Amino acid sequence: MKKEVAVIGLGRFGGSIVMELSEMNADVLVIDTNEARVNEYQEYYSEGIIGDSTDEAMLKSIGINNYDNVIVAIGDNIQASILTTLILKDLGVQKVTAKAQNTYHGKVLEKIGADIVVHPERDMGRRIAHRLVSSSVVEYLEVSSSHSIVEYSANERFENKRINDLNLSDKFGISIIAIKRDNDIIVSPDGQISILTGDILILIGSDEQLNHFESTME
Ligand code: ADP
C-alpha cells in the first residue's frame, strides 16, 4: 500500500528523507518557503509547495490531515518548527514526526503533541563517539533514554567461547539478541553456540552496562 507522507523543510535532513522515501515509492508532498530548495528536490516528490507551514489556512487548503505521516524537518527556525507541529496536531494529523535541534526544543515538541521526536545530530554524535571509543563497536542504536543496542565485532578473545560460558548477563547485565556471521543472522542464539572471531554480536543493555562491557573488553 502506498503511504502518503508530507515533509516540511528541505534542509539536509528533510532532503535526505525525501530522497529515501522516493526510493521506497512513497507519495511525497514537500513544503518549503524556499523556492530553490523545492526545485532542487523536484525529481523526488509528487507534489511540491512553496509556502510557509505556519500558515494554518494554507495547510488546511491542501488537506494536510489526509496525510498518514507528516515530518517537520525545519532546522534552525525553532519557532516555526514548534508552531507548525502545534497546527498539524490541531488540524488532526495522525502522526507528526518532528526534528529537535536540542533537548529543550525536543521537550517542547513532545509537550505540544508531536508523536515522534527525533534528535538526528545528537544521536549521530553519540553513535560516532561509541565507535571512536571502542574500535569493536560497529553500530550503536539508542532504544530509549537509558538503553541501547550495540553491534560489537568479536575479537580473538571470544574465539570458540560458548555464549553460556561468556556469561555476559551475569557479568555485565547485557544480552546477546542475535549474531551476524558472514551473510547469516542467528536470532536469539542458543547458549551452546560458540562465538567465532569476526562475528558481530548484537547486544542490548543499559548504557551504563554497555559502556562497562565496551571498556572491559577493549
Ligand atoms: P538542516 O539542519 O536539516 O539542514 P535547515 O535549517 O538548513 O535544516 O533547513 C530547514 C528548511 O526548512 C529550509 O529549507 C527552510 O527554508 C525550511 N523552512 C524554515 N521555516 C519554514 C516554514 N515556516 N515553512 C516551510 N519551510 C520552512
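An unreviewed UniProt entry lists the protein chain under the name Ktr system potassium uptake protein A, from Jeotgalicoccus coquinae.

In terms of helices and strands, the protein chain carries 9 helices and 11 strands. Over its C-alpha atoms the protein chain spans a radius of gyration of 22 Å, topping by over 25% the 17 Å that the globule rule assigns to 218 residues. Here the C-alpha coordinates of the protein chain stretch approximately 65 × 35 × 30 Å along the principal axes. Considering the protein chain as a whole, with its 218 residues, one finds that 29% of them fall into the buried category. Long-range pairs, those at least 24 residues apart, make up 55% of the contacts in the protein chain between residues at least 6 apart in sequence.

Bringing the pairing of strand β10 (residues 184-187) into the picture now. Here 4 bridges tie strand β9 (residues 175-181) to β10, and the two strands are oriented antiparallel to one another. Among the inter-strand pairings, Ile179 is bridged to a residue of β10, identified as Ile186.

Examined at the domain level, the protein chain breaks down into domain 1 (4-118) and domain 2 (123-217). Computed from C-alpha coordinates alone, the two centres of domain 1 and domain 2 are separated by 36 Å.

As a structural note, the neighbourhood of the ligand is formed by 21 residues, with Gly9, Gly11, Phe13, Gly75 and Ala80 the closest of them. With 3 residues, the single largest contributor to the shell around the ligand is helix α1 (residues 12-23). Here the shell around the ligand is composed, by residue class, of 7 nonpolar, 9 polar and 5 charged.

What counts as what
Residues numbered from 1 in each chain as written. Predicted model: local features only at pLDDT ≥ 70, side-chain atom pairs only at ≥ 80, totals over all residues. Helix = DSSP H or I, 4+ residues; strand = E, 2+ residues; numbered from the N terminus. Rg over C-alpha atoms; globule rule 2.2 N^0.38 Å. Buried ≥ 20, exposed ≤ 12 C-beta atoms within 10 Å, placed from the backbone. Contact = placed C-beta atoms within 7 Å. Pairing = 2+ DSSP bridges. Domains from an automatic or database assignment. Near = placed C-beta within 6 Å. Nonpolar A, V, L, I, M, F, W, Y, C, P; charged D, E, K, R; others polar.

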